[in-house]
Each structure stands twice: as C-alpha cells, then as structure tokens.
Amino acid sequence: MTGSSPDNDIHLASGIRAPSAVPVDDAVLPFEVASLDLRGRLTRMGPALDDILTKHDYPAPVGKLLGEAIVLTTLLGSSLKFDGRFILQTQTDGPVSFLVVDFQAPDRLRAYARYDEARLPEAKDSGGLLGTGHLAMTIDQGPEMSRYQGLVALTGGSLEEAAHEYFLRSEQIPTRVRLAVGEEWSGGKRRWRAGGLLTQFLPKAPERARQPDLHPGDVPEGVVLHEIEEDEAWVEGQSLVATVEDVELIDPDLSGERLLFRLFHERGVRVFKELPLQAKCSCSRDAVAGMLKSFTPQDRADMVKDDKVIVTCEFCSSVYQFTPHEAGVAEN
Ligand SMILES: [Zn+2]
C-alpha cells in the first residue's frame, strides 16, 4: 500500500515544463523529488468531498474530522494497483465513536461517521473528537485474496499523528502526512474543501531510511539509548514539507502542481498523471434486497413499520422502500 512506484504513469517523462496553473479538484497527484529520494502524493478535494459531507449534514467538527479521514484514505488507497478496496475505520470512546471511509479502486469514495451531538462541545480538536481506541486500515482484494489489516492505537492524537505512528511501526518508511479540511463560500453557499500531502523517504540504500529508535518505555538505569541520526536528505525533505500551510492545501485557486513547485522547486519535482476521485456509493436496491434476504424471518418482520420496510444507506443516505412482500416478510 505504500512506496509503490508510479513509474507506469509517467506524464512528463521528457523535458521540463512550467507547473500548470489550472487547479484540479477531486484528484490525487503523485510526485517525486528524485534528488532527495522523496515520493509522495498530493490530494485536493472539492465537490466530491462536499457531496459526501453535505448529504449527511454533519455538524462542522464532525465534517472536518471525517474530511481528514477521507483525505488520508485517498493518500493511502490511491496507490492500490488492483481492483481492490481500501477501508479506513476508527472505533473510539470520544464524541465521534465510529467513522469509516471506503475507497474502491480506482476512484470511488464513500464515508460516514457516528457521533454523539451532546458530547461534541467537550472536544477541542480532532484528537479530542476521536478519543481513545484504534484506527484500522483494511485492504480487501476480493474473496480469493487474503485481507491485509493494519492497526494503530488512537490515544487522543490526530489522524496525522496516527498515520505517522503507523508508518513508523508497521511499514518502517519515513513518512510525513499533512491533512487540511475547511469550508469556503462559493455560489452563496458554504462548501467543504480539503487537501492532503503524503511524503515518503525511499532511498535505494535501505539503511539510509533508518529512523530513531522507538521509545522503549521503561529503560533500566544505566542503559544508553542508541541514537540514529536521520539522513540529511530526509531532514531537508521534512523541513520543506513542514512549510506547507493548511490554507495552501485547501486553496481553490492554487493548482496542485504550483503548490508542489512552491515546496520543492529548489530540488526539482516531477509530477505523474493525476488520479481522479469521485463520491459514489455502491449501494443499490438489489443489493439492499439481497441483504434483507440474509436476515432471519423474525428480523425482517421486525423491520415492518406502517406496512413498509424502509432501509437507509448509512454511507450515502439513499432511502430504499419495500413492501413487506418484497422484503420477504411472510404474510399472516
Ligand atoms: Zn449508499
């Protein structure tokens, strides 16, 4: 899921051109800074994100948090080469107790969150909204392939911090992730926008990617911790990435190419073909009917209200209505 080469998609294989000034929303732009052994992806989202968040009419803090999770999912899931699925979920004890983002390669996104409105004011930031629990990332390549699952503990920190923790412990790839979500006024209406940047240090010599040791917890007295100095290229890469501001990641008038050029122009940056994203749920009347069939007769009977069975898709809020007969409820 990480560090995969976008070499098959070289867009600017020959020559150098000025960065495009045309902003492209709802797309992931892979890039490379070869002189620093950096590879990364930049996500910019507008209408697709607004579509997902607006359908649910989430309170602003919930929309922002779910937006961050969506952008993180695009940064991680867009490297999938197969026709698979990348699912990011959190399960925590905070005001937002559950969120899920489902990315279906190559471009389909859907997401929703569960939250306790009364508890929202108690959280100061994304970490506080989540609370304590875990973040799970699942790659599903279909019934014949084994599922991959990565887990990270959430302990009151942000999704960015959880992503760093994941790459440090599980993938051991030096990685920086930035996520930004905001609202802008456009056409007399507030609209959600977001941006994200994932940058990884992938030198040919793996020893250059060694990172400082994880803190081992309680260390017996007299034990000296082994210090590893980070590679100079990665130190520089991190300092360049650290200059990116939330407003730049979200800015609808700043193109992704211009933003990458702004960050890395001294070192030379090469971009690859962008990968479009769309908000699209995979639910359908047939799929819902199939799900109803899998329930027990009693469960189906319990769903009848006013002589109707109504099922609402949690992802996209689509409402499917069936007669008891259509829903497979036995007639009395
Ligand atoms: Zn749906």
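Our structure is the block above this text.
Residues numbered from 1 in each chain as written. Predicted model: local features only at pLDDT ≥ 70, side-chain atom pairs only at ≥ 80, totals over all residues. Heavy atoms only, no water.

Asker: Kindly report on the coordination of the zinc ion, identifying the contributing residues and their values.
Answerer: Protein ligation of the zinc ion involves Cys281 (SG), Cys283 (SG), Cys313 (SG) and Cys316 (SG), the donor distances falling in the range 2.3 Å. Because the angles between the four donor atoms bound to the zinc ion fall within 102 to 114 degrees, the donor set is best described as tetrahedral. Counting along the primary sequence, the residues that act as donors to the zinc ion give the motif C-x1-C-x29-C-x2-C. Look at Cys281 and you get buried, because its relative accessible area is 19%. The exposure class of Cys283 is partly exposed, given its relative accessible area of 21%. (Donors = N, O, S within 2.8 Å, 3.2 Å for Na, K, Ca; no water. Tetrahedral: all angles 85-135°; square planar, octahedral: opposite > 155°, others 65-115°. Buried < 20%, exposed > 50% of the residue type's maximum accessible area, 1.4 Å probe, protein only.)

Asker: Break down empty space enclosed by the protein for me, citing the residues and quoting the values.
Answerer: Here the structure, examined in full by the defined rule, presents one cavity of 30 Å³ or more. What the largest cavity holds in volume is close to 30 Å³. Residue lining of the largest cavity: Pro23, Val24, Asp25, Arg44, Arg193, Asp251, Pro252, Leu254 and Gly256, and that is the complete set. Its residues placed into classes, the lining of the largest cavity shows four nonpolar, one polar and four charged. (1 Å grid on protein atoms, 1.4 Å probe; cavity = no way out; pocket = protein on both sides within 12 Å on 5 of 7 lines; lining within 4 Å. Points joined across faces, edges and corners; volume = space filled by probe spheres on them. Nonpolar A, V, L, I, M, F, W, Y, C, P; charged D, E, K, R; others polar.)

Asker: Give me the packing of aromatic side chains: which residues, what numbers.
Answerer: Taken as a whole, this structure holds six aromatic pairs when the rule is applied. Judged by centre distance (4.9 Å) and plane angle (85 degrees), the rings of Tyr112 and Phe315 are edge-to-face. Here Phe315 lies in the loop between strand 14 (308–312) and strand 15 (319–322) and Tyr112 lies in strand 5 (residues 108–115), a separation of 203 residues in the sequence. Under the relative-accessibility criterion, Phe315 is labelled buried at 16%. Every member of this aromatic cluster is reached through a ring pair, and the members are Phe98, Tyr112 and Phe315. (Phe/Tyr/Trp six-rings, centres within 6.5 Å; stacked < 30°, edge-to-face > 60°. Helix = DSSP H or I, 4+ residues; strand = E, 2+ residues; numbered from the N terminus.)

Asker: How would you explain the pairing of strand 5 if you had to name every residue and give the values?
Answerer: Both strand 4 (residues 96–104) and strand 5 contribute to a ladder of eight bridges, which runs antiparallel. Bridge pairing links Phe98 to Arg114 in strand 5. With antiparallel pairing between neighbouring strands as the criterion, strand 4 and strand 5 make up a hairpin whose turn holds three residues. Pairing of strand 5 with strand 12 (residues 278–279) involves two bridges; the strand directions are parallel. Note that in strand 12 the partner of Leu109 across the bridge is Ala279. (Pairing = 2+ DSSP bridges.)

Asker: Quick one: what's the story with helix 1 (residues 47–56), residue by residue and with numbers?
Answerer: Every α-helix winds through 3.6 residues per turn, so residues three or four apart in the chain are directed the same way. For helix 1, the set of buried residues is Ala48, Leu49, Asp50, Ile52, Leu53 and His56. Against strand 2 (38–45), helix 2 (60–77), strand 5, strand 8 (175–186), strand 9 (189–201) and strand 12 lie the buried residues of helix 1. Looking one or two residues past helix 1, Asp57 carries a phi angle of roughly 55 degrees, positive in sign. (Contact = heavy atoms within 4.5 Å.)

Asker: Residues and numbers for the packing of helix 1 against helix 2, please.
Answerer: Look at helix 1 against helix 2: their axes get within 10 Å of each other, and the N-to-C directions meet at 135 degrees. Comparing their axes, helix 2 and helix 1 come out oblique. Note on packing geometry: the crossing formed by helix 1 with helix 2 is right-handed. The segment helix 1 lies against helix 2, with Leu49, Ile52 and Leu53 engaging Gly63, Leu66, Gly67 and Ile70. Looking at the contact of helix 1 with helix 2 residue by residue, the class counts come to five nonpolar, two polar and no charged. (Axes fitted to C-alpha atoms, helices over the stretch in contact; angles between N-to-C directions. Parallel < 35°, antiparallel > 145°, perpendicular 65-115°, else oblique. Left-handed = near helix turned anticlockwise from the far one by under 90°.)

Asker: Run through the side chain of Arg44, naming residues and quoting values.
Answerer: Its place among the elements puts Arg44 in strand 2. Buried within the structure, Arg44 lacks any salt-bridge partner; its nearest side chain of opposite charge belongs to Asp251, at an N-O separation of 5.8 Å. A polar contact is formed between the side chain of Arg44 and the backbone oxygen of Asp251, at a distance of 2.8 Å. (Lys, Arg positive; Asp, Glu negative; His and termini not counted. Salt bridge = Lys/Arg side-chain N within 4 Å of Asp/Glu carboxyl O. Polar contact = N/O pair within 3.5 Å; in protein donor to acceptor, adjacent residues only side chain to side chain.)

Asker: How would you sum up the sheet that holds strand 6 (residues 132–140)? Please name residues and give values.
Answerer: Sheet architecture is open: six strands sit in the order 7-6-3-4-5-12, paired in mixed fashion. Strand pairing shows two members of the sheet lacking a second neighbour, strand 7 (148–155) and strand 12, which therefore form its edges. The strands touched by helix 1 are strand 5 and strand 12; relative to strand 5, the strand with the most contacts, the crossing angle is about 35 degrees.

Asker: So what's going on with helix 2? Which residues, and what values?
Answerer: Over its 18 residues, helix 2 runs 25 Å from end to end, which matches the ideal 26 Å to within 8%, given 1.5 Å per residue. Counting buried positions along helix 2 gives 15 out of 18 residues, so the element sits mostly inside the fold. (Expected span 1.5 Å × (residues − 1).)

Asker: Summarise the nonpolar core; cite the residues concerned and give the values.
Answerer: Membership of the largest hydrophobic core comes to 56 residues, with the highest contact counts inside it found for Met45, Leu66, Ile70 and Leu99. No other element matches helix 2, which puts nine residues into this core. Residue contacts for Met45: discarding those within four places in its chain leaves Asp25, Asp26, Ile70, Val71, Thr74, Leu109, Arg193, Ala194 and Leu277. Counting 23 residues, the second-largest nonpolar core is a separate cluster that includes Ala209, Val244, Leu249 and Leu263. (Core = buried A, V, L, I, M, F, W, Y, C linked by side-chain atoms within 4.5 Å.)

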